[in-house]
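An overview of the molecular structure
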Amino acid sequence: MNDVQELLGELKVKGWTLAAVGDELGVAANTVVRWHSGDRYPANVRAVILVLEGLLKRQRVPKRRRYTKSPLARES
């Protein structure tokens with residue numbers, strides 16, 4: 001297990017979803033899933049590790065995102 005996988009595991013234990021971590025990092029959720037499973041490794045690993053360590057220090061875990069319909073999708 002590499003450093004990124006360990007940090008992602010710790011974040012999941014604290015209540016973070018991989019999608020929320022992806023939002024914080026500005027990458028797709030499936031990218032974070034690949035890092036967590038060990039299929040891929042981030043090219044900028046040092047920067048990713050620093051951000052993940054910062055997320056671990058946060059007191060509040062983000063709530064699940066609630067998607068709303070776009071104004072164009074409203075039915076009258």
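Just so we're clear, the structure is a prediction, and the values are computed from it rather than from any experiment. (Residues numbered from 1 in each chain as written. Predicted model: local features only at pLDDT ≥ 70, side-chain atom pairs only at ≥ 80, totals over all residues. Heavy atoms only, no water.)

**Structural notes on the overall build of the protein chain**
- Of the regular secondary structure elements, the protein chain holds four helices and zero strands.
- In the protein chain, the succession of α and β elements from N to C terminus is α-α-α-α.
- Here the protein chain, with 76 residues, has 25% of them falling under the buried criterion.
- Counting contacts in the protein chain only where the partners sit at least 6 residues apart, residues at least 24 apart contribute 70% of the total. (Helix = DSSP H or I, 4+ residues; strand = E, 2+ residues; numbered from the N terminus. Buried < 20%, exposed > 50% of the residue type's maximum accessible area, 1.4 Å probe, protein only. Contact = heavy atoms within 4.5 Å.)

**Remarks on the pattern of salt bridges**
- Enumeration over the complete set of coordinates arrives at one salt bridge.
- Close ionic contact of Arg58 with Glu24 constitutes a salt bridge, the shortest N to O distance being 3.0 Å. A residue pair is termed long-range when its members are at least 10 positions apart, and Arg58 in the segment after helix H4 (45-57) and Glu24 in helix H2 (residues 18-25) qualify at 34 residues.
- By relative accessible area, which is 36% here, Arg58 ends up partly exposed. (Salt bridge = Lys/Arg side-chain N within 4 Å of Asp/Glu carboxyl O.)

**Side note on the nonpolar core**
- Core analysis: the biggest nonpolar cluster contains 16 residues, and Leu8, Leu11, Val21, Trp35 and Leu52 have the highest contact counts within it.
- Every element with two or more residues in this core is listed here: helix H1 (3-14), H2, helix H3 (29-37) and H4.
- Among the elements that take part in this core, H4 stands out by supplying five residues, more than any other.
- Ignoring anything within four residues of it in the chain, the contact list for Leu52 reads Val4, Leu7, Leu8, Leu11, Val21 and Leu25. (Core = buried A, V, L, I, M, F, W, Y, C linked by side-chain atoms within 4.5 Å.)

**So, the confidence of the model for the protein chain**
- On average, residues of the protein chain score 85 in pLDDT, and 82% of them are at 70 or above.
- When the elements of the protein chain are averaged for pLDDT, H2 gives the smallest value, 92, and H4 the largest, 95. (pLDDT = per-residue confidence, 0-100.)

**Topic: H4**
- Over its 13 residues, H4 extends 19 Å from the first C-alpha to the last, a length consistent with the 18 Å expected when each residue adds 1.5 Å.
- Within the sequence span of H4, burial applies to Val48, Ile49, Leu52, Leu55 and Leu56. Seen end-on, H4 carries its buried residues on one side only, within an arc spanning 120°. For H4, exposure combined with an orientation more than 90 degrees from the buried face picks out Arg46 and Lys57.
- Packed against the buried residues of H4 are H1, H2 and H3. (Expected span 1.5 Å × (residues − 1). Arc of directions from axis to C-beta.)

**Considerations on the side chain of Gln5**
- Relative to the elements of secondary structure, Gln5 occurs in helix H1.
- With a relative accessible area of 11%, Gln5 lands in the buried category.
- At a separation of 3.2 Å, a polar atom in the side chain of Gln5 contacts the main-chain carbonyl oxygen of His36.
- The contact partners of Gln5, leaving out residues within four places of it in the chain, are Trp35, His36, Ser37 and Gly38. (Polar contact = N/O pair within 3.5 Å; in protein donor to acceptor, adjacent residues only side chain to side chain.)

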